[in-house]
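A closer look at the structure
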Amino acid sequence: MRFGYSEVCLDHDTGRRHPETADRLLAIRRRLAKLHGVEYVDPGPADVATVAAVHDEGYVEEVRSFCADGGGNWDPDTVACEATFDAALASAGLARWAAERAVAGDDGRDAPFALGRPPGHHAVADDAMGFCFVNNAGVAAQAVIDAGDAERVVVLDWDVHHGNGTQDIFLDRGDVCYCSVHEDGLYPGTGAVEEVGVGDGEGATVNAALPAGAGDADYRLVLEEVVQPVVERVDPDLLLVSAGFDAHRHDPISRMRVSTEGYGMMTECVRETAAATDAGLGFVLEGGYGLDTLADGVAAVHETFDGREPAPEDDDPDEDVRELVGRLRRLHDLQ
């Protein structure tokens, strides 16, 4: 794969005890150094106008000023330093690059994966939260639409936390479909099954809120029985994955049971889905807070594109997940 990466993202300093640190990117780099076919690209930062296409201009200026004054705690979880604004622009630029390369047809060993931080999917149009200042996936989706390179985009968010920011930004839009597979009841407490979009966006928001303890077989069932038919119906030009790795069974801040092999399986599923609809496929890093499991998860994505077949899961979907899938299929008329 080709990985978007910028050293500027390392300068976002959240402090010694914060889970979202520069060590996350360094751990990924160390793991990928052991693999073949890895290439890095630094496409440069997004400009303020590109960010302001999905964020309020006043909010963007507020973040810039906050960082220029030295930063601090935006809220109890979301920390900035003087370098954070530049890191956020760099992270958004990486996501935009991934979307642009995906719609241009890059695939296989050239498939794009943006390794940026701070992450983005909790950032709403006018506020930062959940470690996020700029909604990277939102910026990327809007950029390819504004450039005329895509008419419809699906953002698939498999981070263990619901991406409330991405959902809110596109809630009333029909050209960007947001699909989230997340742990029910976890931060930020949004993403209920009944949240399906409003106005022109009604039906274009899909929330698979899985029970704690869901594992590989559960995720496969959701991807095959819910996400794939939704994507096929939307027929997007771009399938953009908000790729968090904090649903891993050994991640320190979730209760899910996805294995490293499971992330390979999920990658295989979305790759098949993108191919079936002739959509470009790109990845944008979100969460993942166990350094080894994060790095192994990213490596599993790369190795799947490099031709490795993930081992099959050795369990069956939970009955509660089967019922959820049936409910989602009925709610979104996928029967």
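Keep in mind it's a predicted model, so treat the numbers as computed, not measured.

The next thing to look at is the overall build of the protein chain. Within the protein chain, the regular secondary structure consists of ten helices and ten strands. Compactness check: the protein chain gives a C-alpha radius of gyration of 18 Å against a globular reference of 20 Å for 335 residues, within 12% of the reference. Viewed in the frame of its principal axes, the protein chain has a C-alpha envelope of about 55 × 45 × 40 Å. The burial tally for the protein chain puts 59% of its 335 residues in the buried class. Long-range contacts, defined as pairs at least 24 residues apart, comprise 77% of the intrachain contacts of the protein chain with a sequence gap of at least 6. In the form shown here, the protein chain has an accessible surface area of approximately 12,800 Å², with 43% of it arising from carbon and sulfur atoms. Of the side chains in the protein chain, 26 bear a positive and 65 a negative charge, and the two mean positions are spaced by 6 Å.

Strand order in the open sheet formed by eight strands is β2-β1-β5-β10-β9-β6-β7-β8, and the pairing between neighbours is parallel. If you trace the sheet from one side to the other, it starts and ends with β2 (39-41) and β8 (205-210), each paired once. Recorded for the sheet is a direction-independent mean angle of 20 degrees between the axes of neighbouring strands. Sheet topology places strand β6 (residues 153-157) next to strand β9 (residues 238-243); five bridges connect them, and they run parallel. The residue of β9 that forms the bridge with V153 is L238. Along the sheet, helix α4 (residues 84-103) contacts β1 (2-5), β2, β5 (112-115), β9 and β10 (280-285); its crossing angle with β5, the most-contacted strand, is approximately 175 degrees. Its contacts with the sheet put helix α8 (residues 260-277) on β6, β9 and β10, and the angle it makes with β10 is roughly 145 degrees.

On to the packing of α8 against helix α9 (residues 291-305), then. Two elements in contact, α8 and α9, have axes whose closest approach is 8 Å; the angle formed by their N-to-C orientations is 45 degrees. Compared by their axis directions, α8 and α9 come out oblique. Of the two possible hands of crossing, α8 and α9 adopt the one that is right-handed. Of α9, the residues touching α8 (which contributes T260, Y263, G264, T267, E268 and R271) are D296, G297, A300, V301, T304 and F305. Here the residues of the contact of α8 with α9 are counted per class, giving four nonpolar, five polar and three charged.

Let us look at the pairing of β5. Of the two faces of β5, both are covered, the one formed by P112 and A114 as well as the one formed by F113 and L115. Relative to β5, β1 is paired through four bridges, and the arrangement is parallel. In the sheet register, G4 faces β5, and the bridge partner there is A114. Taken together, the two bridges between β5 and β10 define a ladder with parallel strand orientation. Residue pairing across strands places A114 opposite V284, the latter belonging to β10.

Residues F113, L115, W158, Y219, F245, F283 and V298 are the most contacted members of the largest nonpolar core, which totals 102 residues. Broken down by element, this core gets its largest block of residues, eleven residues, from α4. Residues contacting V298, with those up to four places away along its chain left out, are F3, I28, L32, F113, L115, F245 and L285.

Quick look at the pattern of salt bridges now. All chains considered together, the criterion is met by 19 salt bridges. A salt bridge links R329 to E225, with the nearest nitrogen and oxygen atoms 3.6 Å apart. With R329 in helix α10 (residues 319-331) and E225 in helix α7 (residues 216-234), this residue pair connects regions lying 104 residues apart in the sequence. R329 sits in the buried class, given a relative accessible area of 17%. E225 sits in the partly exposed class, given a relative accessible area of 30%. Several salt bridges share partner residues, and in doing so they unite R2, E39, R101 and D106 into one network.

Locating R2 in the fold gives a position in strand β1. Apart from residues no more than four positions distant in its own chain, R2 is found in contact with E39, V41, W97, R101, D106, R109, D110, A111, P112 and F113.

Enumeration according to the criterion identifies 13 aromatic pairs in this entry. Ring centres 5.5 Å apart and planes at 20 degrees place the aromatic pair F113 and F283 in the stacked group. Placement of the pair is F113 in strand β5 and F283 in strand β10, with a sequence separation of 170 residues. Each of the two residues, F113 as well as F283, counts as buried. In textbook terms, an aromatic cluster arises when at least three aromatic residues are bridged by ring pairs, as seen for F3, Y5, Y40, F113, W158, F245, Y263, F283 and F305. Over the face of the ring belonging to Y5 we find R29, whose NZ or CZ atom lies 4.5 Å from the ring centre. It is R29 that lies over the ring of Y40; its NZ or CZ is 3.8 Å from the centre.

Rules used throughout
- Residues numbered from 1 in each chain as written.
- Predicted model: local features only at pLDDT ≥ 70, side-chain atom pairs only at ≥ 80, totals over all residues.
- Heavy atoms only, no water.
- Helix = DSSP H or I, 4+ residues; strand = E, 2+ residues; numbered from the N terminus.
- Rg over C-alpha atoms; globule rule 2.2 N^0.38 Å.
- Buried < 20%, exposed > 50% of the residue type's maximum accessible area, 1.4 Å probe, protein only.
- Contact = heavy atoms within 4.5 Å.
- Areas by Shrake-Rupley, 256 points an atom, 1.4 Å probe, with all protein chains shown as cover.
- Lys, Arg positive; Asp, Glu negative; His and termini not counted.
- Charge placed at Lys NZ, Arg CZ, Asp CG, Glu CD.
- Pairing = 2+ DSSP bridges.
- Axes fitted to C-alpha atoms, helices over the stretch in contact; angles between N-to-C directions.
- Parallel < 35°, antiparallel > 145°, perpendicular 65-115°, else oblique.
- Left-handed = near helix turned anticlockwise from the far one by under 90°.
- Nonpolar A, V, L, I, M, F, W, Y, C, P; charged D, E, K, R; others polar.
- Core = buried A, V, L, I, M, F, W, Y, C linked by side-chain atoms within 4.5 Å.
- Salt bridge = Lys/Arg side-chain N within 4 Å of Asp/Glu carboxyl O.
- Phe/Tyr/Trp six-rings, centres within 6.5 Å; stacked < 30°, edge-to-face > 60°.
- Lys NZ or Arg CZ within 6 Å of the ring centre and 35° of its normal.

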